[in-house]
Amino acid sequence: MIPYKRHTLSNGLTVAVNRDRQSKLAAVNILYKVGARNEDPARTGFAHLFEHLMFRGTRDVPDFDLPVQMACGDNNAFTNNDYTDFYITLPKDNIETALWLEADRMTGLDISPEALETEKRVVIEEYKQRYLNQPYGDQGMLLRSLAYTLHPYRWATIGLTPDHVARATIDEVRAFYRRWYHPSNAILSVSADIDEERVFELAERYFAPIADTPSAAGGLQKVAHLPFPADLLRQRVEGADQRFGVVDGAVVLGEEGAVVPLLLHGGQPQHRQMAHLPDGRAAEGPGHGLGRQPGRDAPEVEARQHDVLPPPAAAAAACAGKRERLVPRQQRCRAGKIHPSAEVEL
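In this text, all values refer to a predicted model and were calculated from it rather than measured experimentally. (Residues numbered from 1 in each chain as written. Predicted model: local features only at pLDDT ≥ 70, side-chain atom pairs only at ≥ 80, totals over all residues. Heavy atoms only, no water.)

Draft legend 1. Spotlight on the side chain of glutamate 51. Tracing the sequence through the fold places glutamate 51 in helix α1 (residues 46–53). For the buried glutamate 51, no salt bridge is present, and the opposite-charge side chain at shortest range is arginine 130, 7.6 Å distant. Of note is the side chain of glutamate 51, whose polar atom sits 2.5 Å from the side chain of threonine 79. What glutamate 51 contacts, discounting residues up to four positions off in sequence, is Ala77, Phe78, Thr79, Thr84 and Phe86. (Helix = DSSP H or I, 4+ residues; strand = E, 2+ residues; numbered from the N terminus. Buried < 20%, exposed > 50% of the residue type's maximum accessible area, 1.4 Å probe, protein only. Lys, Arg positive; Asp, Glu negative; His and termini not counted. Salt bridge = Lys/Arg side-chain N within 4 Å of Asp/Glu carboxyl O. Polar contact = N/O pair within 3.5 Å; in protein donor to acceptor, adjacent residues only side chain to side chain. Contact = heavy atoms within 4.5 Å.)

Structure below.
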């Protein structure tokens, strides 16, 4: 458990401070409670777009990275469905540089037409590179649309389509900024070898003058409590009718039991080794899978994985004729899982 002290400023900003006496660095993190789930379904990708825009500079600091580098620090950010997070790491003696920069861009971001068009192009190219041009790059998006129908988790952080970002107007982008980027919607966290009360004083100095002026909140869409389908689902992908099946985290795709050795884990596709069994179950390789999902009604899915999968002899027999197309040599099925400890003829 990491010990910390917490304080809320008069404008609603939450400040959490951890004193780390063993470090000469200061980690300054500011989290905004806005992610992909807060977006308009007709304008997705805005939260991720702002992850980029927040580094485009403000009216007072045109180049955000330059002061950080001059203070011997580095910075980055990330976005998910629930929040957007920005962080700066630098020597603790330069902590005021980080606080000054974060306070400045909380409400002073310079959203010019030129800056917006530049970052829109960057985000659209990222969409194409990571999701459209990668083999199975859109796998996660297809699975989301199968798992959710009404809940905003049904689209990824990058958005439903690059067209939403491409068509975004500067007025829409500025409205999104005013709605979500303000003190009461943020959490400032600091970890450094600095007295907690001193950090609270610095937070008051740099952030307290910022007025909290949030616009009217827009509610999230109603969550659909739908059971995950136990039967195979049909999904049209690039003009081909393919079949998706999920068995205790293993994704089975294709006609007549073909298996795609990819599995989502931590938001990224992970290579897995799997053997598909005649009754629709799958023996999968080492590593972490999606695990049990609530709402599945197939008896074998609700059972423990070790009880679901057949003994080695049955697994090897089921794999007969599928040779190395599904399971490489130098691997064998044991206890329903594939291990690299021996060779098996398939």
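Draft legend 2. Region of the structure containing the pairing of strand β3 (residues 25–32). Bridging between β3 and strand β5 (residues 84–91) involves eight bridges; their strand directions are antiparallel. Each bridged residue has a counterpart across the sheet, and for tyrosine 32 the counterpart in β5 is threonine 84. (Pairing = 2+ DSSP bridges.)

Draft legend 3. Expanded view of the sheet that holds β5. The mixed open sheet is built from six strands, whose spatial order is β1-β2-β6-β3-β5-β4. The sheet is open, and its two edges are formed by β1 (5–8) and β4 (74–79), each paired on a single side. The sheet shows a mean angle of 15° between the axes of neighbouring strands, direction not considered. Bridge analysis of β3 against strand β6 (residues 186–192) gives six bridges, and the strand direction is antiparallel. (Axes fitted to C-alpha atoms, helices over the stretch in contact; angles between N-to-C directions.)

Draft legend 4. The arrangement of the nonpolar core in detail. Grouped together as the largest cluster of nonpolar side chains are 56 residues, with contacts concentrated most on Tyr32, Phe50, Val173, Tyr181, Leu188 and Phe207. With six residues, the top contributor of residues to this core is helix α3 (residues 95–107). Here tyrosine 181 is in contact with Tyr32, Val34, Phe50, Met54, Thr84, Phe86, Met106 and Thr107, once residues within four sequence places are set aside. (Core = buried A, V, L, I, M, F, W, Y, C linked by side-chain atoms within 4.5 Å.)

Draft legend 5. Up close: the pairing of β1. As paired strands, β1 and strand β2 (residues 14–19) are joined by four bridges and run antiparallel to one another. The residue of β2 that forms the bridge with lysine 5 is valine 17. If you look at the hairpin formed by β1 and β2, you'll find five residues sitting between the two strands, and glycine 12 has a positive phi there, around 100°.

Draft legend 6. The pattern of salt bridges, seen in detail. With the rule as written, the count across this model stands at 13 salt bridges. Two residues, aspartate 193 and arginine 19, come together in a salt bridge whose shortest N-O distance is 3.2 Å. You can see aspartate 193 sitting in the loop between β6 and α8 (196–207) and its partner arginine 19 sitting in strand β2, a full 174 residues away along the chain. Given a relative accessible area of 27%, arginine 19 falls into the partly exposed group. Between arginine 56 and glutamate 119 there is a salt bridge, with its nearest N and O atoms 3.3 Å apart. Linking arginine 56 in the loop between α1 and α2 (65–70) with glutamate 119 in helix α4 (residues 113–132), this pair joins segments that are 63 residues apart in sequence. Given the relative accessible area of 34%, arginine 56 is considered partly exposed. Overall, the relative accessible area of 8% leaves glutamate 119 in the buried class. Within the structure, one salt-bridge network assembled from shared partners comprises Arg19, Lys92, Asp193 and Asp195.

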